[in-house]
Amino acid sequence: NPDYQVAYDEYEAVLRHKDSDLYDIALFKSGWCLWRLGQTDEAARRFLVVFKKSAEAGAKFAGEIVRALANAFYEQSQYERGIEAYRLLQKLEPMSPHGYEYALSIAQGLSTMQDWDKLDKQYRSIIADYTVPPVVKGKQPEPPSAWARSQPESVLRTAETAIEAQMKQDAVGLHAKAQADKTS
């Protein structure tokens, strides 16, 4: 079990030197320690400061911060906040090859919360945004999404496989739940 208090104290020592090259990372890491220590308001304040700075310097670091926050929210079973973070990540990195993973993480949170209507909408959105529409004989082909047009074939195949696997897993789980509810 990491000692977050000791780490926090060490990052605080770095933060006394505002001109240090390590200042921003120490601010982020100290925020992470505070988060793990249950001081979420101060942690969120520090993340926001780093986020604003990184927005000025470029969105890459911002994406890393939001990804870490999203994962932390899910680890703490705060799915609504995690979903918000993943949606923000989709806005920050709309053409990321990991976009489908963020979308599937949102679906995973909705499934865990048993929000079936929103889960249905999420999967429909995932199919539209992160797969190439099938060619249907006798019909005008639908154009792929901007995301799908921007990805190499290998990413599209990986995305389709992951989407299919998660949808199947959710369908099997939902069927089992329905069967259990019917017998209880």
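Description of the structure in this document. Predicted, not measured: the structure shown is a model, and the values here were computed from it. (Residues numbered from 1 in each chain as written. Predicted model: local features only at pLDDT ≥ 70, side-chain atom pairs only at ≥ 80, totals over all residues. Heavy atoms only, no water.)

**Overview of the layout of surface pockets**
Okay, step 1: Roughly 250 Å³ of volume is contained in the largest pocket.
Okay, step 2: The wall of the largest pocket is formed by Trp 35, Ala 44, Phe 47, Leu 48, Phe 51, Ile 65, Val 66, Leu 69, Phe 73, Arg 81, Ala 85 and Leu 88.
Okay, step 3: Those elements that place two or more of their residues in the lining of the largest pocket are helix H3 (40-57), helix H4 (59-75) and helix H5 (79-92).
Okay, step 4: Estimates place the volume of the second largest pocket at around 150 Å³.
Okay, step 5: Every residue lining the second largest pocket is listed: Trp 116, Leu 119, Asp 120, Tyr 123, Met 167, Asp 170, Ala 171 and Leu 174.
Okay, step 6: Sorting the residues of the lining of the second largest pocket by element identifies helix H7 (116-130) and helix H9 (153-183) as the ones contributing at least two each.
Okay, step 7: For the lining of the second largest pocket, a count of residues per class yields 6 nonpolar, no polar and 2 charged. (1 Å grid on protein atoms, 1.4 Å probe; cavity = no way out; pocket = protein on both sides within 12 Å on 5 of 7 lines; lining within 4 Å. Points joined across faces, edges and corners; volume = space filled by probe spheres on them. Helix = DSSP H or I, 4+ residues; strand = E, 2+ residues; numbered from the N terminus. Nonpolar A, V, L, I, M, F, W, Y, C, P; charged D, E, K, R; others polar.)

**Quick word on the environment of Glu 42**
Okay, step 1: Mapped onto the secondary structure, Glu 42 falls in helix H3.
Okay, step 2: Residues Glu 42 and Ser 30 lie 12 residues apart in sequence; the distance between their C-alpha atoms is 9.8 Å.
Okay, step 3: Of note is the side chain of Glu 42, whose polar atom sits 2.8 Å from the side chain of Arg 45. (Polar contact = N/O pair within 3.5 Å; in protein donor to acceptor, adjacent residues only side chain to side chain.)

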